[in-house]
Amino acid sequence: MGRLSRRAFAMAALSTLATTGSAAADTGRGPRSAGRPRGVTEMRGVWLATVANRDWPSRPGLTPAQQRTELIAHLDTAVRDRLNTVMFQVRPTADALWPSPYEPWSQYLTGTQGVAPGWDPLKTAVEEAHVRGLQLHAWFNPYRIANNTDLTKLVASHPARKHPDWVVAYGGKLYYNPGLPQVRAFVEDAILDAVKKYPVDGVHFDDYFYPYPVAGQTFDDDAAYDKYGGGFADRAAWRRDNIDKLIRETAARIEQIRPGTRFGISPFGVWRNIATDPRGSDTRAGVQTYDDLCADTRKWVRENWIDYIVPQLYWNIGFAAADYAKLLPWWAEVARGTKTRLYAGEALYKAGDPAQPAAWQDPAELSRHLTLAATYPQFGGHVFFAARDVAVDPAGAMARVVADHYQQPAKAPR
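(A) Quick peek at the overall build of the protein chain. In terms of regular secondary structure, the protein chain is built from 14 helices and 11 strands. Computed over its C-alpha atoms, the radius of gyration of the protein chain comes to 20 Å, within 12% of the 22 Å expected for a compact globule of 414 residues. Dimensions of the protein chain, computed from the C-alpha atoms along their principal axes, are close to 55 × 55 × 45 Å. Burial analysis of the protein chain (414 residues in total) assigns 58% to the buried set. A fraction of 72% describes how many contacts in the protein chain between residues 6 or more apart in sequence connect residues 24 or more apart.

Here you go:
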């Protein structure tokens, strides 16, 4: 596919719901390390996770005032550390952190799915982020329904209970079946409701497409494959096409609804190992996004289907199976010559964790990541997982990043 503007692709896509758009032009100058000139534009982001109350709210059932206070504290922490973008998880498990006509209120707010929290977290997050000069990217998980396999635990009005034929139980969780066109249309509608209602700066997907493999279990999409899989070489090719359609259609519909809103994805950091594919990275990862999650992330970058990509490079420099220092040049080469901006996802949560390799016990490990990434002009910044770790920073790794690289503010990419 030619690399036209995303708007041009979007107009064609909307007529077929099967074409896409390319990303906005890349004007970023790459990450700034100590000594770079002021006034630089770079991504300095943080993920604010709500699933299982990972970062916010600290527990279900807080009052609206308490929830709002905690949310604003995370935004203030981002400003303190001279970050400029927050990826706020607003659809963690086929639910919503805004009043959605498609899906129930998230249980992570009140403790009970479907119960209104008494305020609008996404509206507040957008408004308060913008007051502080932060970009707010709404983060959605497309297919995860629940972290258990009991449909009856969902609120009675939940779409998954109304359409049990949309649902696949796998690995102790429930998922929407990506192979059903009606599922894809519903997921897009649910996500785009937020884009219609709020001036979000971006739409963000994480690494969950088809679920991560679970030994001894099969994702049962036989009926969908029998019905829709004709013409594909095998089931894996059909599954990748299902995810491709989600990405292309979402990009096109975002462009129609709120032009200029950026669409980005943060996949698992290994597309394929070189032993599997000569185009792959010099890694020996146990998961390969292309094969195991049926997400051809390299293709999305090369074809300019998305505005930015944030591969989760959650390993230390020198890690044998997936070396951060080897993945940087691989991703830089993938992004070279495209209009898809490239940022590095950083595992702040590993810093100081005694269960992690020795490199993570050194508070300077993450700072070295930024220094190394700055040598590749394709990298336009970093996003840190996650907000709780930025706030607490037990090992001082974030403070070291700020001291070494973020002494001056930076504009967020647009």
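(B) Structural view of the pairing of strand S8 (residues 262-265). Here S8 shows a buried face lined by Arg262 and Gly264 and a second buried face lined by Phe263 and Ile265. In this sheet, S8 lies alongside strand S7 (residues 202-205) in parallel orientation, the contact comprising 4 bridges. Bridge pairing in S8 links His204 to Gly264. The pairing of S8 with strand S9 (residues 308-309) spans 2 bridges and is parallel. Bridge pairing in S9 links Ile265 to Ile309.

(C) Inspection of the sheet that holds strand S6 (residues 173-176) at higher detail. The strand order S4-S6-S5 describes an open sheet built from 3 strands, whose pairing is antiparallel. One side of each edge strand has no neighbouring strand; the edge strands of this open sheet are strand S4 (144-146) and strand S5 (167-170). Taken pair by pair, the neighbouring strands of this sheet meet at an average axis angle of 35 degrees, ignoring direction. Taken together, the 2 bridges between S4 and S6 define a ladder with antiparallel strand orientation. Each residue of the ladder has a partner; that of Ala146, found in S6, is Leu174.

(D) How the structure looks around the environment of Ala224. Within the secondary structure layout, Ala224 lies in helix H7 (residues 222-228). On the basis of relative accessibility, which here comes to 5%, the residue Ala224 falls in the buried class. Residues Ala224 and Trp166, 58 residues apart in the sequence, show an inter-C-alpha distance of 9.8 Å.

What counts as what
- Residues numbered from 1 in each chain as written.
- Predicted model: local features only at pLDDT ≥ 70, side-chain atom pairs only at ≥ 80, totals over all residues.
- Heavy atoms only, no water.
- Helix = DSSP H or I, 4+ residues; strand = E, 2+ residues; numbered from the N terminus.
- Rg over C-alpha atoms; globule rule 2.2 N^0.38 Å.
- Buried < 20%, exposed > 50% of the residue type's maximum accessible area, 1.4 Å probe, protein only.
- Contact = heavy atoms within 4.5 Å.
- Pairing = 2+ DSSP bridges.
- Axes fitted to C-alpha atoms, helices over the stretch in contact; angles between N-to-C directions.

Keep in mind these values describe shape, not function.
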